[in-house]
Amino acid sequence: MSINLSPISQSNQITGIPANKQPRSRISFRGADSVQKVSEAADPKAVPAKMLLTLLKSSLTGKEADSKIFVGRTYEDWVNMYNIAHENAVLPLALDGLKKTDGIKVPNDVMENMEINTEFAKTYHAKQEKILKEFTEMTAANGIDTVQMKGIGFSMDYPNPQIRFGGDIDVYNFIHGTNPNNPNNNASFLVDDVAQKAGMKFENHSYKHSHIEHRGMPIENHRCFVNVEKAPLIKEMNEYLYKVFNPHEQILPHGTKILVPSKEFNNIFIPLHAMQHFADSMGVNFHHLTDWAVHLQKNGLNIPEEVKGTKLEEFMYAFTNLANKHLGTDIKVPENPQLENEIFKRMLYPNSFADELDIPQTKNPIRIFKYKVKRMVYGHKIQQKYWGAQESVPQILIKSVLAHLKKPNTIIGIFTKRV
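For clarity, every value in this text was computed on a predicted model and none was experimentally measured.

(A) Highlighting the overall build of the chain. When helices and strands are tallied, the chain shows 14 helices and nine strands. Nonlocal contacts in the chain, meaning residues at least 24 apart in sequence, comprise 68% of its contacts between residues at least 6 apart. Here the chain displays about 19,700 Å² of accessible surface, and carbon together with sulfur accounts for 52% of that area.

Given below as structure tokens:
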């Protein structure tokens, strides 16, 4: 059996950790080609997913997992479960569920990898806290208050915060002493300048946020909360999020004091963020669902007037029912089996939308370019279906061209990279 080493997500490895202690990614095994891959399973309720979900439920509720699901499971089932958990950044939660349940026998190498990933998550959580402390002290010294959104701040709502893995740090900054609920007090561009003067890596990523890197840690510095140019609904929700932003103090495991948004903010921000992933090429996953379940367990569900009658309301109900069915919440909401199944399929098969398009198995630049245009049109169709896309296909195409012209080194990839 061979095991590849890689970070737990697309973020950077933590410096100072020996190679043999870095987190393990997908486990491969002898005969892998003959074993059905999870992404190819015909049934969205595939056994590995059931195994994972009952462990996640155990971790979040503190109750034992349904051990009957694990009776007779093969090594391949365990490997597939591990891979789904790893790709969804919920491996530490799965291990926590295992430790809360007696009588489940786990293959030694799978358990070893889960332990390594969990230790990585804890170390990474501590590193994020340290870096966030440094970052907020830097902004405070320049008359700016920093609010940390979802991520490490939200992890404090979990039963065990340090095993909720987060890839990067999302922040929103406002001028100290001003009303944070007023978008005119946003200080993101000031923070860009402060970070660059401090020698941090910087990229003006998009209208939504810039990308700052401090000691290897990616930080998204937000100008607004969500992709307001995507659709009128998202723009309206961004305005609502300002109304309920109301930051308050949160204390992290090692004593760092930070600002985090209100529960009313998270009540919309978490499902809206998941909904955008659902209708986007990135894909929604179990990590988003566990966040939502944790929020529901602590705060219940509230549908503001601004959300009623929208696609977001439909998504919130469907997402809540998935949390009810799989993660132990119990909030009665209208059911929408079709949408619930589409979301669940998208979580289990992240490329399910893109799979409807045939990726060209060729190096022909014209065919690759035509495929990318076709994918763009298809993506616009999906976004129009789920939230009503604001931009037209020609507008999206023009923006893409302009973005590539600003970075000429990316132009060749338009014709050579299939994904």
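(B) The arrangement of the pattern of salt bridges in detail. On inspection of all chains with the given rule, the structure shows 16 salt bridges. Here glutamate 305 ties to lysine 308 by a salt bridge, and the two come within 3.0 Å at their closest N and O atoms. Taking the relative accessible area as the measure of exposure, glutamate 305 reaches 59% and is therefore exposed. The partly exposed category is assigned to lysine 308, whose relative accessible area is 43%.

(C) Inspection of helix H12 (residues 365-387) at higher detail. The terminal C-alpha atoms of H12 lie 33 Å apart, and with 23 residues this matches the ideal 33 Å at 1.5 Å per residue to within 8%. When we look at burial in H12, the residues that qualify are Ile368, Tyr371, Lys372, Tyr378, His380, Ile382, Gln383, Tyr386 and Trp387. Count one or two residues on from H12 and you reach glycine 388, which has phi positive near 75 degrees.

(D) Highlighting a nonpolar patch on the surface. On the surface, Leu397, Ile398, Val401, Leu402 and Leu405 cluster together into a nonpolar patch covering about 450 Å² of accessible area. As for its position among the elements, leucine 402 is in helix H13 (residues 393-406). Residue classification places leucine 402 among the partly exposed positions, given a relative accessible area of 47%.

(E) Geometry of the environment of glutamine 250. As for its placement among the helices and strands, glutamine 250 is situated in strand E8 (residues 248-251). Leaving out residues up to four positions away in the same chain, glutamine 250 has contacts with Gly153, Met156, Thr256, Lys257, Ile258 and Val260.

(F) Representation of the packing of helix H1 (residues 47-61) against helix H9 (residues 286-299). The interhelical angle for the contact between H1 and H9, taken along N-to-C directions, is 30 degrees, at an axis separation of 11 Å. By crossing handedness, the relation of H1 to H9 is classed as right-handed. Across from Leu52, Leu53, Leu56, Leu60 and Thr61 in H1, the residues of H9 making contact are Phe286, Thr290, Ala293, Val294 and Gln297. Considering only residue class, the contact of H1 with H9 consists of seven nonpolar, three polar and no charged.

(G) Representation of the packing of H1 against helix H3 (residues 91-99) within the structure. It is the contact of H1 with H3, at a shortest axis distance of 7 Å, that shows an interaxial angle of 75 degrees. The angle between the axes of H1 and H3 places the two elements in the roughly perpendicular class. Here Leu52, Leu55, Leu56, Ser58 and Ser59 of H1 come into contact with H3, specifically with Leu93, Ala94, Asp96, Gly97 and Leu98. Of the residues contributing to the contact of H1 with H3, the split by class is six nonpolar, three polar and one charged.

(H) Broad picture of the pairing of strand E6 (residues 209-214). Looking at chain direction, strand E5 (residues 201-203) and E6 are connected through three bridges and run antiparallel. In the strand pairing of E6, phenylalanine 202 is matched with isoleucine 212. In sequence, E5 turns back onto E6 through a hairpin of five residues. Across six bridges, E6 lies against strand E7 (residues 217-222) in antiparallel orientation. Each residue of the ladder has a partner; that of glutamate 213, found in E7, is proline 218. Between E6 and E7, which pair antiparallel in sequence order, lie two residues; one of them, arginine 215, sits at a positive phi of approximately 50 degrees.

(I) Focus on the pairing of strand E9 (residues 257-260). Taking every second residue as pointing to the same face, the buried face of E9 carries Ile258 and Val260, while none of Lys257 and Leu259 on the other face is buried. Of the pairings in the sheet, the one linking E8 to E9 comprises four bridges and is antiparallel in character. Counterpart to glutamate 249 in the pairing with E9 is leucine 259.

(J) Focus on the packing of aromatic side chains. Considering all chains together, one arrives at 16 aromatic pairs under this definition. Note on phenylalanine 154 and tyrosine 158: the rings are 6.2 Å apart at their centroids and 90 degrees apart in plane angle, and the pair reads as edge-to-face. The two residues phenylalanine 154 and tyrosine 158 agree in class, both being buried. Ring centres of phenylalanine 245 and phenylalanine 265 lie 5.4 Å apart, and the angle between their planes is 50 degrees; this geometry places the pair in the tilted category.

(K) Quick peek at the environment of phenylalanine 319. Tracing the backbone through its elements, the reader meets phenylalanine 319 in helix H10 (residues 311-327). A residue is classified by how much of its surface remains accessible, and phenylalanine 319, at 0% relative accessible area, is buried. Residues phenylalanine 319 and isoleucine 343, spaced 24 residues apart in sequence, show a C-alpha to C-alpha distance of 7.8 Å.

(L) Local environment of unusual backbone geometry. Despite not being glycine, alanine 89 has its phi angle at roughly 60 degrees, a positive value. Here alanine 89 shows up in the loop between helix H2 (75-87) and H3. Given a relative accessible area of 13%, alanine 89 falls into the buried group. With phi around 35 degrees, asparagine 246 is a residue other than glycine that occupies positive phi space. With respect to the helices and strands, the residue asparagine 246 is situated in the loop between helix H7 (232-243) and E8.

(M) Summary view of the nonpolar core. One finds Phe225 and Ile343 to be the most contacted residues of the largest nonpolar core, which totals 81 residues. If sequence neighbours within four positions are ignored, isoleucine 343 has contacts with Phe278, Val284, Phe315, Ala318, Phe319 and Leu322. Core analysis: the second largest hydrophobic core is formed by 24 residues, Ile169, Met217, Ile219 and Ile258 among them.

(N) Molecular detail of the confidence of the model for the chain. Scored by pLDDT, the chain has a mean of 85; 84% of the residues are at 70 or more. Long-range and interchain partners of residues 1-19, a stretch whose pLDDT sits below 50, account for 50 contacts in this model, where long-range means more than four residues apart.

The rules behind the values
- Position numbers for residues count from 1 along each chain, tracking the sequence in the order it is written.
- For a predicted model such as this one, the threshold for reporting local features is a pLDDT of at least 70, and the threshold for listing and counting side-chain atom pairs is 80 or more; totals across whole chains, interfaces and linings nevertheless cover every residue.
- As a convention, hydrogens and water are excluded, and side-chain values are obtained from all of the structure's heavy atoms.
- Numbering of helices and strands runs from the N terminus, with a helix taken as a DSSP run of H or I at least four residues long and a strand as a DSSP run of E at least two residues long.
- Any two residues whose heavy atoms approach within 4.5 Å at even a single point are treated as in contact.
- Only the protein chains shown count as cover for residues, and the accessible areas themselves come from Shrake-Rupley with a 1.4 Å probe.
- Salt-bridge detection follows one rule: a side-chain nitrogen of Lys or Arg within 4 Å of a carboxyl oxygen of Asp or Glu.
- Three labels apply to residues, based on accessible area from a 1.4 Å probe with only protein chains included: buried if under 20% of the type maximum, exposed if over 50%, partly exposed otherwise in between.
- Helix span, expected: 1.5 Å multiplied by one less than the number of residues in the helix.
- Excluding any residue in a salt bridge, patches collect residues exceeding 30% relative accessible area, merging like charges within 9 Å and nonpolar Val, Leu, Ile, Met, Phe, Trp and Tyr side chains within 5 Å.
- Each axis is a line fitted through C-alpha atoms, taken for helices only over the stretch in contact, and angles between the N-to-C directions span 0 to 180 degrees.
- Each crossing gets its handedness from the near helix: less than a right angle anticlockwise from the far helix is left-handed, clockwise is right-handed.
- Polar here means any residue other than Ala, Val, Leu, Ile, Met, Phe, Trp, Tyr, Cys and Pro, which are nonpolar, and Asp, Glu, Lys and Arg, which are charged; Gly is therefore polar.
- In this scheme, roughly parallel covers angles under 35 degrees and roughly antiparallel covers those over 145, while 65 to 115 is roughly perpendicular and the rest are oblique.
- Two strands are counted as paired when DSSP detects at least two bridges linking them.
- Between the rings of Phe, Tyr and Trp (Trp by its six-membered ring), a pair exists once the centres lie within 6.5 Å; its type follows the angle of the planes, with under 30 degrees stacked, over 60 edge-to-face, and the other angles tilted.
- Side-chain atoms within 4.5 Å are what join buried Ala, Val, Leu, Ile, Met, Phe, Trp, Tyr and Cys residues into a set we call a nonpolar core.
- How sure the predictor is of each residue is captured by pLDDT, a score from 0 to 100.

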